[in-house]
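# Summary of structural features
Residues per chain are reported as follows:
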Amino acid sequence: MSPSTDTYAQRASTHPTPLGRKLLTIMSRKKTNLCVSLDTPSPVEILSLLADIGPYICLAKTHIDAIPFTAFSSFEDVHQFTASLEALAKEHDFLLFEDRKFADIGNTVKAQYGSGIYKIADWSHITNAHSVPGDGIIAGLREVAEGVEGGLENRGLLLLAEMSSKGTLAKGAYRDTTVEMARGEKAKGWVMGFIAQGAVETREGEDWIVMTPGVNLGVKGDALGQQYNTPEKVVLGGSDIIIVGRGIVAAADPVKEAVRYRDAGWKAYQKRAGR
Ligand code: BMP
């Protein structure tokens, strides 16, 4: 499995999914392969971080269900928050990625993605799913995405092929079967890539966007099994987008760190593409 040496710009014109083309275009235009993971409990802080970091990222990842509900005074507040995320994404030219990790049968994930308190399908360009239930999960989520404004022009799915945490089952043969699942009919134009630690098997006509969490320039891991690599290591190994949470969000100067990760990720990409 060798990493692609094509540029983001080249891939933007040929990517098999509309949202993949959109994302690669943003990356190429803004010269960034950085996704910030906004893992902080305060919605006010998330919005203010994004207003500052927006110019340096291609993607903003959220865990909306990790925000304490006491941070909102009504359901209307939740929708106001997601509307603000959308406005910032438009203003600073990045996409939104709710890291929901769906993992149930197609019929159940349909309701989880399209309804519930957070109505993820209404505002998040990208979401992700585990492959463990089988490909009904891809079809169920797709039905919802096709029904929102813009349909699959504006929505994309990632499958979790590999995880960064110690002891994960998502690696090796599991990763390869997950990639095989993304070749199914219901995945076409919808599954844009994977959460993985490096390159995945890519056949003629395929172009998977690989996004990699577990990236940090300062530490090797945390006390709960997270394992980190550097931007250079993962990008040279075939990752297209580095996902950085605490390395930026918990730093004393998040903007300075965002610039540092953006530069490190971009430099590694240029090296890989031979530019
Ligand atoms: P941090 O950089 O602070 O460790 O955050 C990593 C983020 O990426 C978290 O939001 C986590 O849920 C997510 N993540 C991960 O760490 N490993 C995976 O394999 C998949 C993830 O989505």
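Think of each chain on its own: its residues are numbered from 1, step by step along the sequence as written. Local features are withheld for residues below a pLDDT of 70 in this predicted model, meaning they are given only at 70 or higher, and side-chain atom pairs are given and counted only at 80 or more; totals for whole chains, interfaces and linings count all residues. Processing note: side-chain calculations cover all non-hydrogen atoms of the structure and skip hydrogens and water entirely.

## Considerations on the packing of helix 3 (residues 43–53) against helix 4 (residues 75–92)
Helix axes use the C-alpha atoms of the stretch in contact, all axes being lines fitted to C-alpha atoms, and the angles between their N-to-C directions lie in the range 0 to 180 degrees. Only runs of H or I of at least four residues qualify as helices and only runs of E of at least two qualify as strands under DSSP, and these elements are numbered from the N terminus. Here helix 3 crosses helix 4 at 5°, and the two axes come no closer than 10 Å. By the angle class used here, helix 3 and helix 4 are roughly parallel. Within the contact between the two elements, helix 3 uses Pro43, Ile46, Leu47, Leu50 and Ala51 and helix 4 uses Phe81, Ser84, Leu85, Leu88 and His92. The class makeup of the residues in the contact of helix 3 with helix 4 is eight nonpolar, two polar and no charged. We call two directions roughly parallel when the angle between them is under 35 degrees, roughly antiparallel when it is over 145, roughly perpendicular when it lies between 65 and 115, and oblique otherwise. The contact criterion used is simple: two residues touch if any of their non-hydrogen atoms lie within 4.5 Å. Only Asp, Glu, Lys and Arg are considered charged in this grouping, and only Ala, Val, Leu, Ile, Met, Phe, Trp, Tyr, Cys and Pro are considered nonpolar; every other residue, Gly among them, is considered polar.

## Here's the deal with the UniProt feature "binding site: substrate" (unreviewed entry) in the protein chain
UniProt positions are given in the numbering used here, feature names are shortened, and annotations may be inferred rather than shown by experiment. UniProt's feature table lists "binding site: substrate" (unreviewed entry) at Asp39, Lys61, Ser164, Gln226, Gly245 and Arg246, given in the numbering used throughout. Inspection of the secondary structure assignment puts aspartate 39 in the loop between strand 1 (34–37) and helix 3. In this scheme, a residue with accessible area under 20% of its type's maximum is buried, one over 50% is exposed, and one in between is partly exposed, where area comes from a 1.4 Å probe on protein chains only. Of the residues examined, aspartate 39 reaches a relative accessible area of 42% and is grouped as partly exposed. Aside from chain neighbours lying at most four places away, what touches aspartate 39 is His63 and Val249. Here a polar contact is recorded for every N or O atom pair within 3.5 Å, except that within protein the pair must consist of a potential hydrogen donor and a potential acceptor, and residues adjacent in sequence are included only if both atoms are side-chain atoms. In this structure the side chain of aspartate 39 is engaged in a polar contact, spanning 2.8 Å, whose partner is the side chain of serine 37. What makes arginine 246 partly exposed here is its relative accessible area of 44%. Contacts of arginine 246, omitting those with residues within four sequence positions, involve Asp222, Gln226, Tyr228 and Ala251. Side-chain polar atoms of arginine 246 contact the side chain of tyrosine 228, separated by 3.2 Å.

## Some points on the sheet that holds strand 3 (residues 95–102)
Picture the strands of a sheet paired through backbone hydrogen bonds; they go either parallel or antiparallel. Pairing in this closed barrel of eight strands is parallel, and the strands run 1-2-3-4-5-6-7-8 around the ring. Between one strand axis and the next, the sheet turns by 30° as a mean value, whatever way the strands run. In this sheet, strand 6 (residues 191–195) lies alongside strand 5 (residues 156–160) in parallel orientation, the contact comprising four bridges. Along strand 6, the bridge assignment pairs leucine 158 with glycine 193. Its contacts with the sheet put helix 8 (residues 173–181) on strand 4 (126–130), strand 5 and strand 6, and the angle it makes with strand 5 is roughly 155°. Pairs of strands are assigned from DSSP output, requiring at least two bridges between the strands.

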